[in-house]
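Below are the chains, spelled out letter by letter.
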2 protein chains.
Amino acid sequence: MNSFWSERSRLVREEVIPYQWRMLNDEEPSTAPSHTIENFRIAAGESTGQYQGMVFQDSDLSKWLEAVGFSLRRHPNPELETLADSVIDLMEKAQEPNGYLDTYFIVAKPDEKWTNVRDLHELYCAGHLIEGAVAYYQSTGKTKILDISCRLVDHIMETFGEEDGKIRGYPGHEEIELALVKLYRVTGRKEYLTLSKFFVDERGAEPRFFAKEAEVRGDHSSYNFAYSQSHAPVREQNTAEGHAVRAMYLYSAMADLAAEYQDESLLSACRNLWDNVTKKRMYITGGIGSSQYEESFTVDFDLPNDRAYTETCAAIGLVFWAHRMLQIDTDGIYGDVIDRALYNGILSGMSLDGKKYFYVNPLEVWPSAALNRHDMTTVKPERQKWFGCACCPPNIARLVASIEDYLYSVDADGLYVHTYTDSEVQVDVGGHEVTIVQRTEYPWDGQVDIELSLEGRAEFDLVMRIPSWCRDAQVRVNGEPVDSCIVERGYMRVRSVWSSGDRISLSLPMVTQRIHAHPQVRADAGKVALQRGPMIYCMEEVDNGENLSAISIADDAKVLVERNDSVLGGIPILKVPGRRDVPNAEQLYEATNMSYRSVEVTFVPYFSWCNRTPGEMLVWVRTTS
Amino acid sequence: MNSFWSERSRLVREEVIPYQWRMLNDEEPSTAPSHTIENFRIAAGESTGQYQGMVFQDSDLSKWLEAVGFSLRRHPNPELETLADSVIDLMEKAQEPNGYLDTYFIVAKPDEKWTNVRDLHELYCAGHLIEGAVAYYQSTGKTKILDISCRLVDHIMETFGEEDGKIRGYPGHEEIELALVKLYRVTGRKEYLTLSKFFVDERGAEPRFFAKEAEVRGDHSSYNFAYSQSHAPVREQNTAEGHAVRAMYLYSAMADLAAEYQDESLLSACRNLWDNVTKKRMYITGGIGSSQYEESFTVDFDLPNDRAYTETCAAIGLVFWAHRMLQIDTDGIYGDVIDRALYNGILSGMSLDGKKYFYVNPLEVWPSAALNRHDMTTVKPERQKWFGCACCPPNIARLVASIEDYLYSVDADGLYVHTYTDSEVQVDVGGHEVTIVQRTEYPWDGQVDIELSLEGRAEFDLVMRIPSWCRDAQVRVNGEPVDSCIVERGYMRVRSVWSSGDRISLSLPMVTQRIHAHPQVRADAGKVALQRGPMIYCMEEVDNGENLSAISIADDAKVLVERNDSVLGGIPILKVPGRRDVPNAEQLYEATNMSYRSVEVTFVPYFSWCNRTPGEMLVWVRTTS
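The following refers to the structure shown. The numbering scheme is per chain: residues are counted from 1 as the chain's sequence reads. Following the order in which they are written, the chains are lettered starting with A and the ligands numbered starting with 1. This being a predicted model, a pLDDT of at least 70 is required before a residue's local features are given, and a value of 80 or more before pairs of side-chain atoms are given or counted; all residues contribute to the totals for chains, interfaces and linings. Each side-chain value is derived from all of the structure's non-hydrogen atoms; neither hydrogens nor water enter the calculation.

**Observations concerning the interface of chain B and chain A**
So, step 1. Contacts are assigned to residue pairs with any non-hydrogen atoms lying within 4.5 Å of each other. Of the residues lining the interface, 64 residues belong to chain B; the matching set on chain A comes to 64 residues.
So, step 2. Each of two parts loses accessible area, computed with a 1.4 Å probe, when they are put together; buried area is these two losses added. Summed over both sides, the interface of chain B with chain A buries roughly 5,200 Å², with 54% coming from carbon and sulfur.
So, step 3. Interface area lost by chain B to chain A is led by B:Arg522, B:Leu588 and B:Tyr589, which between them contribute 17%.
So, step 4. Every case where a carboxyl oxygen of Asp or Glu lies within 4 Å of a side-chain nitrogen of Lys or Arg is listed as a salt bridge. At the surface where chain B touches chain A, the tally comes to 10 salt bridges.
So, step 5. The salt bridge partner of B:Arg307 is A:Asp306, with a shortest N-O separation of 3.2 Å.
So, step 6. Polar contact is defined as a pair of N or O atoms within 3.5 Å, subject to the rule that within protein one atom must be able to donate a hydrogen and the other to accept it, and that residues adjacent in sequence are counted only when both atoms are side-chain atoms. At the surface where chain B touches chain A, the tally comes to 24 residue pairs in polar contact (both at pLDDT 80 or more).
So, step 7. Every element with two or more residues in the side of chain B that touches chain A is listed here: helix 12 (264-280), helix 15 (367-372), strand 13 (512-517), strand 18 (573-582) and strand 19 (589-590) of chain B.
So, step 8. Considering every element that reaches the side of chain B that touches chain A, the biggest residue donor is strand 13 of chain B, with 5 residues.
So, step 9. The classification used treats Ala, Val, Leu, Ile, Met, Phe, Trp, Tyr, Cys and Pro as nonpolar, Asp, Glu, Lys and Arg as charged, and all other residues, Gly among them, as polar. Residues of the side of chain B that touches chain A, tallied by class, amount to 26 nonpolar, 18 polar and 20 charged.
So, step 10. Any two strands between which DSSP finds at least two bridges are classified as paired. Secondary structure counts use DSSP, requiring at least four H or I residues in a row for a helix and at least two E residues in a row for a strand, with both numbered from the N terminus. Relative to strand 19 of chain B, strand 13 (residues 512-517) of chain A runs antiparallel, the two being bridged by 2 bridges. Among the inter-strand pairings, A:Ala517 is bridged to a residue of strand 19 of chain B, identified as B:Tyr589.

Pasting the structure below:
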């Protein structure tokens, strides 16, 4: 891959993974020690001392290992692999003879294992370990970390289950459910799938496991079951509730299990939840979770822009879920949401140089209020170097490192192209090894030139996603317009007998659109967001001066697209004639008409904001007719 | 007084004062016991048990006594007076031989008196006791409660001061400063004024008293000095900081002292603070304090409507301060702010039947969000019967009961009419006893007919406030237009030799105005508030359906004023043609143009909202050109 994603992928390889390694090893002088690998050393008997860090500190190492696994697929790096192998050796040494592996409990609470899976992330850490193991095994073929995972899961199967003497419970933070499906798929061991199904089926059942578990611990504090989606059996959940990341990981596992078991009731729950999230509880950037409190969903259409919590990890979780829904059902609605999150609310989480991160991604930032109001303490006007709870940076890293998994899929009928990016990938289509080369400047330009290479000839459908923002998609095969193609559920299907050198030209004209939110979204009333291709745009103080709320644009104002190498590396920015309210006097309230002055308003892609002089930012701009 | 204020005054007499009495006595079955009078009984040795309630519980009794004092001025009530006398006897019995009186410390912490005046409201309670005493003495002429207060203040003077062995400190919650000025004015004892000045002058001086006091207590927790306006000497404070009620009580005392001492530096600080509050930190309703956290001011122009804290007591405090500023300087800006707060953000605190209260008065309420978002826990969609911290209801009561103090003032040049209301009041103008009868439906109608009665003839200026919202005030004397009058700093001055039967007709044409906020108020961009006379209007769900944010009105839409006895007792409501956004499809985000339907929008006075079916409310409405 090159261009847009290859640049991000390079950042992950060259900046994020090495930086993370230093973080894990407490070798990064600019931030406080994470103690992550040191905890493993202590658990392995190679060092002494106390456990330090978050209770789920182990998962940072697993996410790093997963990102390394993905990265090594296309970018072999023997030095990095040696580093990973050495840490895998350490993990093996830390693992207990019965397979148990969680350094917090091994080091700090050896007698309290499995007594608080609601709050203490044991099963969550196991899930990330599995995901890291699967990715590393898949790219290197090395089985050691996979074996460590299997031993841990075998131990978990001895501990959890319906049988007498086992804990009939499930994790407070979902994650292992989807990881077990991955482990099943690489090992073929059905019992891993069964365990995943057990965790999902048990969730929310009466009597409530978390209540019983707390009672045993003597913990009588109140608990919001919805926080961990344990307020009702999953098949009865129709609205997205509680902690947004947890919800996304659960729904991802539900989709996986619905597919594996052809479970219609589970699929139906997934679809209901999908409707609720994407039609009522999602920001235009793909951000989800509109409340800082419990990092949670709130109520339908409650999407305040200045207090959006919209954790980067939650948008990543939405992509995981959407990707699984897409595998069940080839419908453009899933790809549209993947694009929405990927190009906007996720990439905003990382600076253009890969060195700083937003945990929280609001759609409106007024630094003066954010820094002074106590109901906005999580809104940071600038990206931070790292976080105490460092879940988001490694989560971005593993997603970006695996971006090619989102490009294509294959079924009995043909080859599906879900996302466009300059790239070269091999896929197996009905026994034919097909190399697909995409040449495109997407997401900045809608022209995509695809060339196929294969041995001999093969008949199959080439099925290309037409994003919902695109109204006039045109396709040519070897220069000839294809007229008979219709777009069905967001995909255009071209059947042909293909052979090497066949060229498919897809044109997705990019016009800048004014997007309205549903009138129930009170925060966006009277406003539009500008979208070009999959990119949502925003205003920044550095271009437009302070007080962005004073700016409005006319409904019919012409939008100019400009590229200037000196501005954000030459990505397309928008220029729109607009007006700025100006006070008639320094009175707070006045009966006279508002005065205006004409201004040229500059919009930049949302994900790229705060990469120059920090200041105000605003996505939704007022319109005047 | 009759009509508008007489109805509120009647509510206070017939509903609030009796209800409060039952609350103070734990005789109100609908709410939890307050324990207020029981604490006095225990302190007096008439009962046994533990102290219960807030640490400042005593002040509720004092505020009740103050309201009773004001009420008895015009509405003698021997039964009520007997009740008050009996509770004064109890207070006397509770007072310690050295004058000390605070039942929390007497009963619960006898060894910790004066060790934490930062947090424990001892001096605050003393202040309210003084204010209650002054009001009760002034209307009844009875001195017992005044004597109790003087004994307490004498004790405080022995305890606080610059001299060695005394505490060189000041209260965490200002209140006693302004009360001491009142006590000085009724007793003539200058030392009370000196003590007030001492408290004000010491505030914020280095080394910080609250730091030293905490150190002595062994309290090493952090403290935000701005919370109690102790971050800098008061003369160096230019922006309103911290707890809004505390700030208002402090600024009121500063204005009093500036007047008493002709202290220019103190007056200059008052003026700077006035500018900051009224030009940058005040809602259009007169509400102040835009953050729930520490019930505080935040930063300039940070006035979110849905999370406005705007405690009723803070707006009341603003009226106290404005009234004092007005006494120093006859400028319409003060009366305008008094009206703004009085008719809007204060009266909204009490239901039309006087039985329920808002502590917090936001300008936008969406119950669904308010009830579910944890950053809006203080926003109540309905008024409450009473509060655990019941500061606001008695504060409204004492203000309404003393409303006539805001009508007139007199100086060497003449008689000033500051506020219009149907009323009959006697004032002494240069030795002439003048009875002024106002006949008016103000604030609903701008026609005010004034008739004077006096012995013989007297030459003086009749100086009438012309509210800033009024552009074409007309005045006639005995039917003849007065042409030569000009409005200067918000007042129109008519000099004449007056005699009984002179009639002054003042016409203040009430048109409905569209008010814009300063463009820096991001929350109000693109919106207007409707104001008619001094009244700010709002939309309610009961009239306009749910989702008020979907409604907009045209810049030039004609506003009709309607009165309908079946709607809120026939007060003027507004009807404006507008439009409502309607979704094109059930999509969250759409590139198609927004659709609209025409609607007739109903606006009701803000103070009267939530007196019918509860639901959404919105002051600032979007406009379209």
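After that view, the rundown keeps rolling.
**A closer look at the sheet that holds strand 8 (residues 474-477) of chain A**
All names here are of chain A.
So, step 1. Ordered in space as 4-5-6-12-8-9, the 6 strands form an open sheet in which the pairing is antiparallel. Bordering the open sheet on either side are strand 4 (423-429) and strand 9 (480-481), each of which pairs with just one other strand.
So, step 2. One ladder, built from 7 bridges, connects strand 4 with strand 5 (residues 432-440); its direction is antiparallel. The residue bridging Val 425 from the neighbouring strand is Ile 436, located in strand 5.

**What about the packing of aromatic side chains?**
Residues and elements named next belong to chain A.
So, step 1. In this scheme Phe, Tyr and Trp rings, the latter by its six-membered ring, pair at centre separations within 6.5 Å, and the angle between planes marks the pair as stacked below 30 degrees, edge-to-face above 60, and tilted otherwise. Here the structure, examined in full by the defined rule, presents 62 aromatic pairs over all chains.
So, step 2. Aromatic side chains Tyr 251 and Trp 321 sit 4.8 Å apart centroid to centroid with 55° between the ring planes, which places their arrangement in the tilted category. Within this pair, whereas Tyr 251 is found in helix 11 (residues 244-261), its partner Trp 321 is found in helix 13 (residues 312-328), the two being separated by 70 residues in sequence. In this pair, the class of Tyr 251 matches that of Trp 321, namely buried. Only protein chains enter the calculation, and the probe is 1.4 Å; a residue is then buried if its accessible area is under 20% of its type maximum, exposed if over 50%, and partly exposed in between.

**Describing the packing of helix 12 of chain B against helix 13 (residues 312-328) of chain B**
Residue and element names in this part refer to chain B.
So, step 1. Where helix 12 contacts helix 13, the two axes come as close as 12 Å, and the packing angle between them is 130°. The angle between the axes of helix 12 and helix 13 places the two elements in the oblique class. In this structure, helix 12 meets helix 13 at a crossing whose hand is left-handed. Note on element contacts: helix 13 touches helix 12 through Leu 318, Trp 321, Ala 322, Met 325 and Ile 328, opposite Leu 267, Cys 270, Arg 271, Leu 273, Trp 274 and Val 277.
So, step 2. Of the residues assigned to the contact of helix 12 with helix 13, the class counts are 10 nonpolar, no polar and 1 charged. Where helices are involved, their axes are fitted lines through C-alpha atoms of the stretch in contact, as for all axes, and angles between N-to-C directions lie from 0 to 180°. An angle below 35 degrees is treated as roughly parallel, one above 145 as roughly antiparallel, one from 65 to 115 as roughly perpendicular, and anything else as oblique. Working rule for handedness: look at the near helix, and if it is turned counterclockwise from the far one by less than a right angle, call the crossing left-handed; if clockwise, right-handed.

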